Amino acid sequence: MSAKEEEIYNAIDNGTYKFALQQCSKLLKKSPNVTFYQVLYNYILLESGKSSECLENCLKIMEKPPNDIKSLGLLNKIFSQLGKTEESFQVYENAAKKYPSFEILTHWFHLGCETNNVRVLQKSSMALKSLNSSNRLFHLWAAFTSYLLSISKEATAIEKTVIPKLGTKIVEALKPLRSEQEVYILVKLLESIGNFESVVSEILNFTGSNKLDLELQIILLKTLDKLEKYEELYHWSLVILNDYKLDDFNTWKYLIKSSLKLNKDVENMIKFYGTRNSRLALIELAVQRGESVDQSVYQYLNHIGCKPCAFFDIKSYFKYVDREAFKKWLDNNEILFSNEDRDMIWQVNVIKFKLLINIDLLDKDSFFDELIIKFNKYKHLLNKKEKTDFHQGDEFIVLVIQALLSKNFSTKNIIISILILEKILEKDKHEFHLRIWLVQLYKLINCHTQASLNFEKLKVKNIQFDILSHFLVSRLSSSYPDYDVLNRVFKIYKANKSETSYFIKIGFNKGSFNKLESMLEFHWRLENSSLKNHELLQYNKISRLLNNKEPLNEISDFGFSESYSDNRDFKVFWNTGVDEEILPLKEKLLANIPTDPQYDKIINLQEGLINGKITNIENADLSLLTDIEKWSFRLIYETTQLFNKRSSIARVSEIYRSKPKLELNLSWKVSHVLLVILDTAKSIQHIISNSYNKISKNDILNLKELNSRLIEKVRDEDILNAKQATVAELGKLKSQLKTSELLSKLGINSTHIDDVFDIINFSNNESFKLMKLL
Amino acid sequence: MTSLSPFQATDLFELNPINLDPLTENFNIGFYLEYLTAWPSLFFKSSEISSECKDIISGYMMGKTEGKGKDWHTHITAVTIHHSYRRIGLASYLCNNLEYITDAKPHETRFIDLFVRVNNSLALHLYEKLGYSVYRRVVGYYGGENEYPMDTKTINDHKDAFDMRKGMKRDKGEGTRENGREYRVLPHEVRF
C-alpha cells in the first residue's frame, strides 16, 4: 500500500470522508485508468453513506472486470458490505474468465474457503485444473469440491446429478490412486451417484492385502449392508473383529445381522469374547432375533453393573426391557458387589434405573429420604478419592436437588440447593456438573458476580466459550452489563475467522479430504453461532447502558446472521441422574436463558428500530420475550411510529404508563426489569437524537419528560426498594434455614449457612451497585 | 457399546463432558485443526450409541508421527475419556489402535511415546500395563515458559514429565532404556 493510499484509508477510519475523496480524486486525475483508484473512490462513497451511487458505479466496473488482486478484493468487500452476495463472488468469476491467471484463481479459491461457498470452490478448482493440468492436486480439488457441491443444500438439480459424474471422471482418470484420501474422494462421489457396487470394489482393490483404513472400513461395512451382500459383510466383520482385534460395537451389529441372514451361529462366538461390547452384543442379538433381552441384560449387569457406563448402556436398550421384571430383579439384587467403591456405583445405577422406570419418584418423600441415606452412607469415599477423580456418590446429591426443586420451585429451595452444592464442592472442587448447576442457580437469584466466579472455576477455554457461555452471558445486558466477559467469549469467533479458514486451505493443500467437509461445517457453525448473535446484541445494549461505544469497534467485522447454528450445550446440564431433561423443571430452571434462538431475531428487530434501519415489523412474534421486554419492544416501536407520523404522543404515553410492575423478590427478574427499563429509556433518547423525521416541539418535550421520569424512578426509588426487599427476604430465609432438618441431615451447619448468605447478599448488592452507576 | 471412528472438526462441539475434566487440555482451534489436517488418520474417537440413537463421544485420541531415522516415532498428544466411561479399558483401546495403525504401512514407526506428569500415578500405571516404560525424565516440562529450568539438578513431581516409550517391532529395543526414571533431560532436548 502506498503512503497516499494509507492516508486515504486512515481518513476513512477517522470518518473524514471529504478529505479521503479529495485525495482519491487527485490520484484519479493523475492515473485515470488505474481501476483500483476507481474502486477505492467508490469504497469511500460507501463508507460515507452513499450506497446507491457506489453500487451503480461498482456494477459498471464489474462489466469490465479488473485483473489485479487489490481491486478484486476491494470490490468483493464493497459488494459484501452492500449485502450483494452474488455480485461479491461474481467479481472473481468474471475476472477468472477473462484473465485466468494462477494468482486470480487461487484468490478465488481461497475466497471459497473463507466463505464456505462450495460453488466457488468447485468452479475455481475446475479452473485451476484447466490452467495447470499437470498438477494432480488440482484434479483432486476439482473432484472433491464437485462432491461437496453435489451434496450441498443449495445445489441445483443439475449440480446434484451432473457434477458428481464429472467429479468421478476426473478422479478415475488419475488411476492408479495413490492414497486412502484419493480413494475416499472417489467413493464419496460414487456414493452420491448411487454406484454402491463400485464403492465396494474400489475400496477392496486399493486395500489389497493391507489393513483397511478406518474411514474406508466404515464405508465398506455400511455399503455392504446397504447392498445386502451378507456373505461379504459377515466376512469383513469377522476380519475386523478377529484379525484387526478391533472390538467395535458397530461391527458386532453387522456381524449379528449378517449371521442371522446367513443362518450362521454367532451366539457362541459372542460368548467366547467376554468383553463389555460382546456382552452388549448378546443383548443386540436378542433384539435382532425378536427375543426377550432380559436375561442378557441381567448377565451384563452382573459383570458391568459396578461401572458408571452400565446405566447408559442399558438405558439405550430400555425400550426392550420388561420393566416390572427388571424392577423385581433390582430389588433382589440390592447387594451385587462387595467392594465398597463398586457397591456405591451399583447403588447409584440402581437409583437411576428406578427413576428411569418411574420419574414420578422424584416427588415421593420415601425416595428423597433414600437418596439422603445413600449419600451419607458413601460420603466418606469422597475423602479417599484422587482430587481430580470423579465421585459417583455426587449423583445422589444432584438427584436430591432435582427432587427438591421438582416438589417446589421456590426461592427457599433454590437457596437450600446452593447451600448443598457449595458444601460438596468444597471437597470435590472439580465436579463440573455440580458447578454448572451452581452457576445457574446463582443466576436465578440475581447473583451474577457469584455465578461468574464459579464459571471461572470451570476453566472454560477456546471452543468451550461458544458451547457453554450461555449459562453466564445470556441476557447479560439485563443481569450485569459488563464488557469483560463478552470480550473474552467473543475471541473464539475472531479465532474462527482466521484459524479455521487458514486450516481449511492447509487441508486442501495437504489433501486431507476426509476432514474438510466437517471443517467447512465447523467454520460455518461458529461463523453463524446463535450465541454469537446473542452476544452481538448484548454488545449493543451494554454500549448504550454504559455510554461507551468503544468496544463496538472490536466487533465491527461481525454481523447478525439470519441463518444460525445453535451450538449451545444444554445436555451437559442434564448429564446426571437419568441423563435427560426433567421437563417441568427445565422451564423454571433455565427461565433467564432464551433457549429459542428466534428470541434474538426479535431483539435484532428491536435494535433495527432503534437505529432507524427498519420501520416496519409485520407480524413480530413477541411470545419469547419477558413481560418487560414486550413492553420495551412496544414502547420503542410506538416511539418510532410517532416519528414516522403513524402514532401519537397520547398512545406513546399510554404505553409508558402500562409498564409492568416490578416484583420485589429475590430473583434474576429484579435486575432484568430495572435494566430493561433503563435500556429502553436510553434507546428512546437515541431515537430522539438521531431521527431524521421531525415531530412537533411539544411532542418532543413530552417524550423527553416521560423518559426522564422513567429513569429517575428507577434510579431514585426502584433500585433502593429492590435492595431493601432483597435484604429483608434474605434475613427471613436465613433464620428459617438455620433450623432446616434437611440441611442438618446433610451435615450443613450454621457457619456454612452464614457464609453462603453473606455471599448471596454481597453478590446481589454488587448488581444494585452497578445499576446505580448507570 | 463402543465403536471407533475418525474424529471430525464438528466433534469439538460435543466435547464438554470430556474436556471439562480438570486434567484434559482444551487446545485452541488451530491446534486441533493442525492435527486433523496433518495426521488425519491418527485423530480418532470412541463413540457410544445413546438411547436417542445419537452418538455420544466417550473418548478421543490425538496422535502424530515425527522424527527422523532412529527417532521416527508415533507420539500420543492427548488421550482422554468421558468420566462415565472410565475403568472399562477405553484408554487402552484407543492407545492400542493408534499403535496398530502406526505399526503398519504407511507409517511404520519405530516406537510410540507420550509424556505424563510424574505424579499422575493412575496414568503411569495404565501405560506400564500397556507395555510402556520410562525412557527419561523431562525436568520442568509442565512448568510453563516462564519457569524454564536452568539445569536438571532440581526435580519437581508436579512440573516434571516422564517420557514413556514402547518399542514397535522394528525398534528392536533401541527406543527403550533401563533406569529411564534416573535419566534427566531439559524440555528443549525432547523436540523433534
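As a convention, each chain's residues are numbered from 1 in the sequence order in which they are written. Chains carry letters and ligands carry numbers; both start at the beginning, A for chains and 1 for ligands, and go up in the order they are written. Only residues with pLDDT of 70 or above have their local features reported here, since the model is predicted, and side-chain atom pairs are shown and tallied only from 80 upward, although totals for entire chains, interfaces and linings are computed over all residues.

Under an unreviewed UniProt entry, the name given to chain B is N-acetyltransferase domain-containing protein, and the source organism is Wickerhamomyces mucosus.

UniProt positions are given in the numbering used here, feature names are shortened, and annotations may be inferred rather than shown by experiment. Per UniProt, the comment on chain A under Sequence similarities (unreviewed entry) is "Belongs to the MDM20/NAA25 family."

I'd like to hear about the overall build of chain B, residue by residue, with values.
Strands are runs of DSSP state E lasting at least two residues, helices are runs of H or I lasting at least four, and both sets are numbered from the N terminus onward. Secondary structure summary: chain B contains four helices and eight strands in total. What you see in chain B, going N to C, is helices and strands ordered as β-α-α-β-β-β-α-β-α-β-β-β. In terms of overall size, chain B behaves like a compact globule, its C-alpha atoms giving a radius of gyration of 17 Å where 192 residues would be expected to give roughly 16 Å. Residues with at least 20 neighbouring C-beta atoms inside 10 Å of their own are called buried, those with 12 or fewer are called exposed, and the rest are partly exposed, where every C-beta is derived from the backbone. Of all 192 residues assigned to chain B, the portion counted as buried reaches 45%. By the convention adopted here, residues make contact when the C-beta atoms placed from their backbones lie within 7 Å. Pairs at least 24 apart in sequence give 66% of the contacts found in chain B among residues at least 6 apart. The atom set for the radius of gyration is the C-alpha atoms, and the globule formula is 2.2 Å times the number of residues raised to the power 0.38.

Break down the overall build of chain A for me, with residues and values.
Of the regular secondary structure elements, chain A holds 41 helices and zero strands. Oriented by its inertia axes, the alpha-carbon framework of chain A measures out at about 90 × 80 × 45 Å. Within chain A, the fraction of its 774 residues that count as buried is 45%. When contacts within chain A are restricted to residue pairs at least 6 apart in sequence, those whose partners lie at least 24 apart make up 63%.

If you had to explain the environment of Thr 388 of chain A to someone new, which residues and values would you point to?
All names here are of chain A. If you trace the backbone, Thr 388 turns up in the loop between helix H23 (381–384) and helix H24 (394–407). On the basis of neighbour counts, which here come to 13 C-beta atoms within 10 Å, the residue Thr 388 falls in the partly exposed class. C-alpha of Thr 388 to C-alpha of Leu 361: the two residues are 27 residues apart in sequence and 32 Å apart in space.

Pulling in residues and values, what's your account of the interface of chain B and chain A?
Listed by partner, the interface residues are 43 residues for chain B and 53 residues for chain A. Elements represented by at least two residues in the side of chain B that touches chain A include exactly strand S1 (2–6), helix H1 (16–19), helix H2 (29–38) and strand S2 (43–49) of chain B. It is H2 of chain B that contributes the most residues to the side of chain B that touches chain A, seven residues altogether. Classifying every residue of the side of chain B that touches chain A by side-chain character gives 22 nonpolar, 17 polar and four charged. Ten residues, namely Ala, Val, Leu, Ile, Met, Phe, Trp, Tyr, Cys and Pro, are considered nonpolar, four, namely Asp, Glu, Lys and Arg, are considered charged, and the remaining ones, Gly among them, are considered polar.

Break down the environment of His 82 of chain B for me, with residues and values.
Take His 82 of chain B: it is sitting in the loop between strand S4 (73–81) and helix H3 (90–103). Along the sequence, His 82 of chain B and Ser 58 of chain B sit 24 residues apart, while their C-alpha atoms lie 4.9 Å from each other.

Describe in detail the domain arrangement of chain B, supporting the description with residues and values.
Residue and element names in this part refer to chain B. Domain boundaries shown here were taken from an automatic or database domain assignment. Each domain of chain B was delimited in the assignment, giving domain 1 (1–109) and domain 2 (119–192). Contact residues are listed per partner, giving 11 residues for domain 1 and eight residues for domain 2. Broken down by element, the side of domain 1 that touches domain 2 gets its largest block of residues, four residues, from H3.

Describe the sheet that holds strand S5 (residues 111–117) of chain B, with residues and values.
Residue and element names in this part refer to chain B. With mixed pairing, eight strands are arranged side by side in an open sheet as S1-S2-S3-S4-S5-S7-S6-S8. Each edge of the open sheet carries a strand with a single partner, namely S1 and strand S8 (184–185). Two strands pair when backbone bridges link them, and strand S3 (residues 55–66) and S4 are joined in this way by eight bridges, in the antiparallel orientation. Counted as the bridge partner of Thr 65 is Thr 74 from S4. Helix axes are fitted to C-alpha atoms over the stretch in contact, other axes to C-alpha atoms as well, and angles between N-to-C directions run from 0 to 180 degrees. Sitting on the sheet, H2 is in contact with S2, S3 and S4, with an inclination near 70 degrees to S3. Against the sheet, helix H4 (residues 121–129) touches S5, strand S6 (133–138) and strand S7 (161–167), its axis set at about 165 degrees to S5. Only strands joined by at least two bridges in the DSSP assignment are considered to pair.

Residue-level account of the nonpolar core, with values.
Residues and elements named next belong to chain A. Think of a nonpolar core as buried Ala, Val, Leu, Ile, Met, Phe, Trp, Tyr and Cys residues, each tied to the set through C-beta atoms within 7 Å. Within the largest apolar cluster, 260 residues are counted, with the highest numbers of intra-cluster contacts made by Ile 185, Val 400 and Leu 674. No other element matches the 11 residues that helix H38 (residues 668–690) contributes to this core. Filtering out sequence-adjacent residues up to four positions away, Val 400 remains in contact with Phe 368, Leu 371, Ile 372, Phe 375 and Ile 420.

Quick rundown of unusual backbone geometry? Include the residues and the values.
Trans is the common state for peptide bonds, and a negative phi is the common state for residues other than glycine. Note the cis peptide between Lys 175 of chain A and Pro 176 of chain A, where omega equals 5 degrees. Note that Pro 176 of chain A resides in the loop between helix H10 (157–172) and helix H11 (180–192). The phi angle at Arg 475 of chain A is positive, at roughly 50 degrees, despite the residue not being glycine. Within the secondary structure, Arg 475 of chain A sits in the loop between helix H29 (470–473) and helix H30 (483–510). Phi at Lys 172 of chain B is positive, roughly 50 degrees, even though this residue is not glycine. Its location among the elements puts Lys 172 of chain B in the loop between S7 and S8. Accessibility expressed as a C-beta count within 10 Å gives 10 for Lys 172 of chain B, which makes it exposed.

Now, about the packing of H38 of chain A against helix H39 (residues 697–737) of chain A: what can you tell me, with residues and values included?
When two helices pack together, their arrangement is given by the angle between the helix axes and by the axis-to-axis distance. All names here are of chain A. Close contact between H38 and H39 brings their axes to 10 Å; oriented N to C, the two are set at 160 degrees. By the angle class used here, H38 and H39 are roughly antiparallel. Considering how the two elements wind past one another, H38 and H39 form a crossing that is left-handed. Contacts from Val 670, Leu 674, Ile 677, Leu 678, Ala 681, Ile 684, Gln 685 and Ile 688 in H38 reach Ile 700, Leu 703, Lys 704, Asn 707, Leu 710, Ile 711, Val 714, Asp 718, Ile 719 and Ala 722 in H39. For the contact of H38 with H39, the per-class residue count stands at 14 nonpolar, two polar and two charged. Between 65 and 115 degrees an angle is taken as roughly perpendicular, under 35 as roughly parallel, over 145 as roughly antiparallel, and anywhere else as oblique. Put simply, a crossing is left-handed when the front helix is turned counterclockwise from the back one by less than a right angle, and right-handed when it is turned clockwise.

Tell me about helix H22 (residues 365–378) of chain A, and please be specific about residues and values.
Residues and elements named next belong to chain A. Look at H22: 20 Å from first C-alpha to last across 14 residues, which is about the 20 Å you get at 1.5 Å a residue. Among the residues of H22, Leu 371, Lys 374, Phe 375 and Tyr 378 are the ones counted as buried. With its buried residues spanning 100 degrees around the axis, H22 presents them on a single face. Counted as exposed and oriented over 90 degrees from the buried face of H22: Asp 365, Ser 366, Asp 369 and Ile 373. Working rule for helices: expected span equals 1.5 Å times residues minus one. Each C-beta atom gives one direction from the helix axis, and the arc is the one those directions make.

I'd like a rundown of the confidence of the model for chain B, residues and numbers included.
Any region with low pLDDT has predicted coordinates that should not be read closely. Residue and element names in this part refer to chain B. When pLDDT is averaged along chain B, the result is 92; 99% of the residues meet or exceed 70. Scored between 0 and 100, pLDDT is the confidence that the predictor attaches to each residue. H2 holds the highest mean pLDDT among the elements of chain B, 98, whereas H4 holds the lowest, 90. For this predicted complex, the interface confidence comes out at an ipTM of 0.95, alongside a pTM of 0.95.

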